[in-house]
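Structural overview
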Number of protein chains: 2
Amino acid sequence: MSQSRPRIIPEATVARLAVYLRVLAGLADGGRSHVSSGELASAAGVNPAGLRKDLSYLGPCGVRGVGYSVAGLRDRLTDALGGERSRPCVLIGIGRLGSALADYAGFASRGFEFVGLLDTDPATVGHQVGGLRVRPVEELEAVVAETRATIGVITTPAEVAQSVCDRLVSVGVRSILNFAPVALTVPAGVDVRKVDLSVELQVLAFLDQQRHGTPPLLAPLRAAQGAAR
Amino acid sequence: MSQSRPRIIPEATVARLAVYLRVLAGLADGGRSHVSSGELASAAGVNPAGLRKDLSYLGPCGVRGVGYSVAGLRDRLTDALGGERSRPCVLIGIGRLGSALADYAGFASRGFEFVGLLDTDPATVGHQVGGLRVRPVEELEAVVAETRATIGVITTPAEVAQSVCDRLVSVGVRSILNFAPVALTVPAGVDVRKVDLSVELQVLAFLDQQRHGTPPLLAPLRAAQGAAR
DNA sequence: GGGTGTGAAGGGTTTCACAGCA
DNA sequence: TGCTGTGAAACCCTTCACACCC
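Okay, so let's go over this structure. (Residues numbered from 1 in each chain as written. Chains lettered and ligands numbered in written order. Predicted model: local features only at pLDDT ≥ 70, side-chain atom pairs only at ≥ 80, totals over all residues. Heavy atoms only, no water.)

At the interface, 67 residues of chain A touch 66 residues of chain B. Both faces considered, chain A and chain B share a buried interface measuring about 6,500 Å² in area, 61% of it formed by carbon and sulfur atoms. Broken down residue by residue, the surface that chain A buries against chain B is led by L201, Q202 and L204 of chain A, which jointly contribute 11%. Our count for the chain A to chain B interface comes out at 6 salt bridges. Residue E200 of chain A is joined to R193 of chain B by a salt bridge in which the shortest nitrogen-to-oxygen separation is 3.0 Å. For the pair chain A and chain B, the number of links is 14 residue pairs in polar contact (both at pLDDT 80 or more). The residue inventory of the side of chain A that touches chain B, partitioned by class, reads 36 nonpolar, 14 polar and 17 charged. (Contact = heavy atoms within 4.5 Å. Buried area = accessible area lost by both parts, 1.4 Å probe. Salt bridge = Lys/Arg side-chain N within 4 Å of Asp/Glu carboxyl O. Polar contact = N/O pair within 3.5 Å; in protein donor to acceptor, adjacent residues only side chain to side chain. Nonpolar A, V, L, I, M, F, W, Y, C, P; charged D, E, K, R; others polar.)

Residues and elements named next belong to chain A. Across all of its chains, the model carries 4 aromatic pairs over all chains by this definition. A centroid spacing of 5.0 Å and a plane angle of 80° characterise the contact between Y104 and F107, whose relative ring orientation is edge-to-face. With relative accessibility at 2%, the residue F107 sits in the buried group. With a centroid separation of 5.8 Å and an interplanar angle of 70°, the aromatic rings of F107 and F114 are classed as edge-to-face. Taken as a pair, F107 and F114 share a single burial class, namely buried. A connected cluster of aromatic rings, assembled from ring pairs, spans Y104, F107 and F114. (Phe/Tyr/Trp six-rings, centres within 6.5 Å; stacked < 30°, edge-to-face > 60°. Buried < 20%, exposed > 50% of the residue type's maximum accessible area, 1.4 Å probe, protein only.)

Take helix α7 (residues 140-147) of chain B next. Residues and elements named next belong to chain B. Listed in full, the buried residues belonging to α7 are L140, V143 and V144. Seen from one end, α7 has its buried residues packed into an arc of 95°, which puts them on one side. Exposed residues on α7 whose side chains face more than 90 degrees from its buried face are A145 and E146. Against β3 (87-92), β4 (112-119), β6 (132-136) and α8 (158-170) lie the buried residues of α7. Following α7 by one or two positions, R148 adopts a phi angle in the positive range, close to 55°. (Helix = DSSP H or I, 4+ residues; strand = E, 2+ residues; numbered from the N terminus. Arc of directions from axis to C-beta.)

Have a look at this one:
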């Protein structure tokens, strides 16, 4: 087994590469030509050594004693994350969250294009959201087929999320981002990522309570735990 | 004050406890009185052994050979996560995402109450969103003081997020949930959690590309990595 | 000197296997 | 017998320290 021309990149690293890429875009706009790992790390909110390790998965891409070329690193990261080609996505469930996502500029600028918006509600179907007409969910399979979408985003109520997911999988979608508060079950080879907004708040509240409702003697412990982030 | 505080609970566990709590609510509605770790784990999308370990941080709360009492475990989890008291939150930035969050039912049912909505846009200020009137961002300090909010949620553009954050911190908010795509810097003792929607999509796209654009020989490796979730 | 690249150490989290009890 | 509770192992990721090169 003599592979590893491209080393495998840890998922945690991939997530941070996307952050670095955004910071670099800002620096490029500002006219900067070089950055050090320290500066880049502080802008991204991470440890400098960790940043260097992250970048090392792409092979050497800096100059010792100098730093990184903003433009060069940007290209390197863009390429590693899949180039600039547009990625067609379908979005199912055009409620408040769904329509917020549908015209969130942050997606388009990163190469994600919503090519299909679907909903069950007759009051929503037919409306324009983010420059696209909302279509009835019955047309899901047809939309995926005609747009060749490879990513599905689910912002439906929890009750119907699994059935929407099954339909996406059945027409070949292998990457799904799920905002519905349920665990989706999918066959092997399909990748689901879940974003649970209320869980984030709940964790925050827990840490908050832990800090405040704790006897003085235990406070240092809490502080240490909280400071980890 | 809680009586038994034998162990500190890992943050990863806290996040999952919130998920278990939601699943249990569904089971209770369905009239179930008991669950096994296996069933609960599959509904939550986690490993059964891991679930038992998570629950063990609360002390023994099941019956060997039988399982867990739905009602009993629900109370236990609710208590561990901070009881049922309402937590006042302020939300700054009432754009699409902000208004989606402002009347997301998932928050209210978990004890999170938005008590202040703020924005700079004159076209937005004064409108009713989620049953609350949007107030000008100049009143931020006054709103926090009068509502005693302890949690701040930032859904502003990236450029102003840091200044909003600073103002929240200056009036005593120690828990902040940040949706703006920047790394916020805060003094020690303040807890910031970041949710970056486009990073989630980017990771999904990366894994997708990795699967498809990979030579057959490497495919098994990719599958193993992807199947981790 | 200054800053990158990277092995090694450390900490946290997941998985496994099995002891223990209704 | 069935399922919980939990030490121990395995794994992943972060952090540190320093060699190395401009």
